[in-house]
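Coordinate inspection notes
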Amino acid sequence: MTHAMLKGSNVPLQATTVRAVLRWAPGQGVPDVDASALLLGPDGRVRSDEDFVFYNQPRHPSGQVWRLGKKRVAEGLTDTIQTDLSRVEPSVGRILLVASADGVAFDRVASLRILLYDATAADPEPLAYFDVKPETGEETALICGELYRRGEGWKFRALGEGYSNGLKGLATDFGISVDESEGADDPMSAPRPRPAPSAPAPSAPSRSTPDQPTTARSVSAPSVVGPEHPTAVQPLPGASRPLPPEQPVGVPSQPAYGYPQHPPAAQSAYGYPQTGADRSGYGYPQAPAAAGATGAPSGYGYPQPVTGAPDPDFRLPPQGPQFIGR
């Protein structure tokens, strides 16, 4: 769980190795911000100048407090101090976490925040954070917070106390000796290291290629090699044979089931009326063999009309159950 802290509040720390990340938003006219740490003894002052961890002395001689350096992250720029609290010397009771703006007032630094992380945890969720805001806007150095002993453990307190005389004035206030007459021996006046400009990365060796002509040449696509196209459409193999007729010759165009049909011109399929003397087609009324004949009906099983006019009382015979309702 992340604790959002107010000025003067404190929170206990369960982590043994704490990473204090100072973060701010870059921009035009925004000064460069540095993170520092002062290790204080029981009297609230440094024991020696070696208790000051900053850009010209990035690691404490004990090896338990050190400066990780600056990074660019999605939220802005960061500078980090890391501390192994479980191995800090017993004579150290407080560790101040300081931000300095390189001689420029903090009213030009936006979104200044200090975040505390458990350096041994894989979860990037911060343990606590505190938004540091200058009180007057003229501060050039700020004590963002402090790590201090409480019984057998450690706590963090949010402070936000400012100094208008910069990092040198703050360090002097806690016992760092600054001799103005011997600036060359003073760690505060030593040249501040800045990252050297990185040399341009060597370009990857290019593969040797033949010289290109000065004028571009149009390259045409290769033509497909194959037989010449015929001038006329050729029939497909096997297509010269004639197709079978759609219907046999002599089949009536409307062979509807159960209705009288006109006799075809020539004798054809089985079951249709035929021309000639014997027109005894199965199941249909037949015309007489000769004009005016009054002979007996020739249809199978049913009386046949003697005239060409249809019988108005004619009905089809009963059909099987498969035709009912159709």
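What you see as residue numbers is a count from 1 along each chain, following the sequence as written. Per-residue local features are limited, in this predicted model, to residues with pLDDT of at least 70; the limit for side-chain atom pairs, both in listing and counting, is 80 or more; totals at the level of whole chains, interfaces and linings are taken over all residues. To obtain the side-chain values, all non-hydrogen atoms of the structure were included, while hydrogens and water were left out.

1. Considering the overall build of the protein chain
Stated formally: We count a stretch as a helix when DSSP gives it H or I for four or more residues in a row; a strand needs E for two or more, and each element gets its number in order from the N terminus. Each residue is placed in one exposure class: buried if its accessible area under a 1.4 Å probe, protein chains only, is under 20% of its type's maximum, exposed if it is over 50%, and partly exposed if it falls in between. Areas reported as accessible are Shrake-Rupley estimates using a 1.4 Å probe. Residue values count occlusion only from the protein chains shown.
Helix and strand counts for the protein chain stand at one helix and twelve strands. Walking the protein chain from its N terminus toward its C terminus, one meets helices and strands in the order β-β-β-β-β-β-β-β-β-β-β-β-α. Per-residue burial over the protein chain gives 31% buried out of 326 residues. By element, 55% of the accessible surface of the protein chain is carried by carbon and sulfur atoms, the whole surface being about 22100 Å².

2. Remarks on the pairing of strand β12 (residues 153-163)
For clarity, the threshold we go by: Strand pairing follows a simple DSSP-based rule, namely that at least 2 bridges must link the two strands.
As paired strands, strand β2 (residues 10-13) and β12 are joined by four bridges and run antiparallel to one another. Counterpart to Pro12 in the pairing with β12 is Lys155. Of the pairings in the sheet, the one linking strand β11 (residues 141-150) to β12 comprises nine bridges and is antiparallel in character. Bridge pairing links Tyr148 to Lys155 in β12.

3. Comments concerning the packing of aromatic side chains
Note the threshold: Only Phe, Tyr and Trp rings are paired, with Trp represented by its six-membered ring, and only when their centres lie within 6.5 Å; those with planes under 30 degrees apart are stacked, over 60 edge-to-face, the remainder tilted. Geometrically, a lysine NZ or arginine CZ counts as sitting over a ring once it is within 6 Å of the ring centre and also within 35 degrees of the ring normal.
Applying the stated rule across the entire model yields two aromatic pairs. Relative to Phe54, the ring of Phe52 has its centre 4.3 Å away and its plane inclined at 10 degrees; by these criteria the two rings are stacked. Each member of the pair, Phe52 as well as Phe54, carries the same accessibility label: buried. With a centroid separation of 5.2 Å and an interplanar angle of 70 degrees, the aromatic rings of Phe54 and Tyr55 are classed as edge-to-face. Both residues of the pair, Phe54 and Tyr55, count as buried. Through a chain of ring-to-ring contacts, the aromatic side chains of Phe52, Phe54 and Tyr55 assemble into a single cluster. Of note, Arg59 hangs over the ring of Trp66, and the distance from its end group to the ring centre comes to 4.9 Å. Of note, Arg157 hangs over the ring of Tyr148, and the distance from its end group to the ring centre comes to 4.2 Å.

4. With respect to the environment of Leu85
In plain terms, the rule: Contacts were defined at the residue level, with two residues in contact if any of their heavy atoms lie within 4.5 Å.
With respect to the helices, strands and loops of the structure, Leu85 is situated in the loop between β7 (76-84) and β8 (94-100). Leu85 sits 69 residues away from Thr16 along the chain, and the two C-alpha atoms are 5.3 Å apart. If sequence neighbours within four positions are ignored, Leu85 has contacts with Leu13, Ala15, Thr16, Val18, Leu147 and Trp154.

5. Describing the nonpolar core
If you look at soluble globular proteins, the nonpolar side chains tend to sit buried side by side. To be explicit about the condition: Throughout, nonpolar core names a set of buried Ala, Val, Leu, Ile, Met, Phe, Trp, Tyr and Cys residues whose side chains join them through atoms within 4.5 Å.
Of all hydrophobic cores here, the largest spans 37 residues; its most connected members are Ile95, Ile114, Leu147 and Phe156. Ranked by residues supplied to this core, first place goes to strand β3 (residues 17-25) with four residues. Setting aside residues up to four positions removed in sequence, Phe156 forms contacts with Met5, Ser9, Asn10, Val11, Leu13, Leu97, Ile114, Leu116, Gly145, Glu146, Leu147 and Tyr148. With 17 residues, the next largest nonpolar core counts Leu38, Leu167, Phe174 and Ile176 among its residues.

6. Looking at unusual backbone geometry
Of note in the backbone geometry, Asp102 takes a positive phi value of approximately 55 degrees without being a glycine. For Asp102, the location among the structural elements is in the loop between β8 and β9 (110-118). On the accessibility criterion, Asp102 (44% relative accessible area) is partly exposed. Unusually for a residue other than glycine, Ser111 sits at a positive phi of about 55 degrees. Relative to the elements of secondary structure, Ser111 occurs in strand β9.

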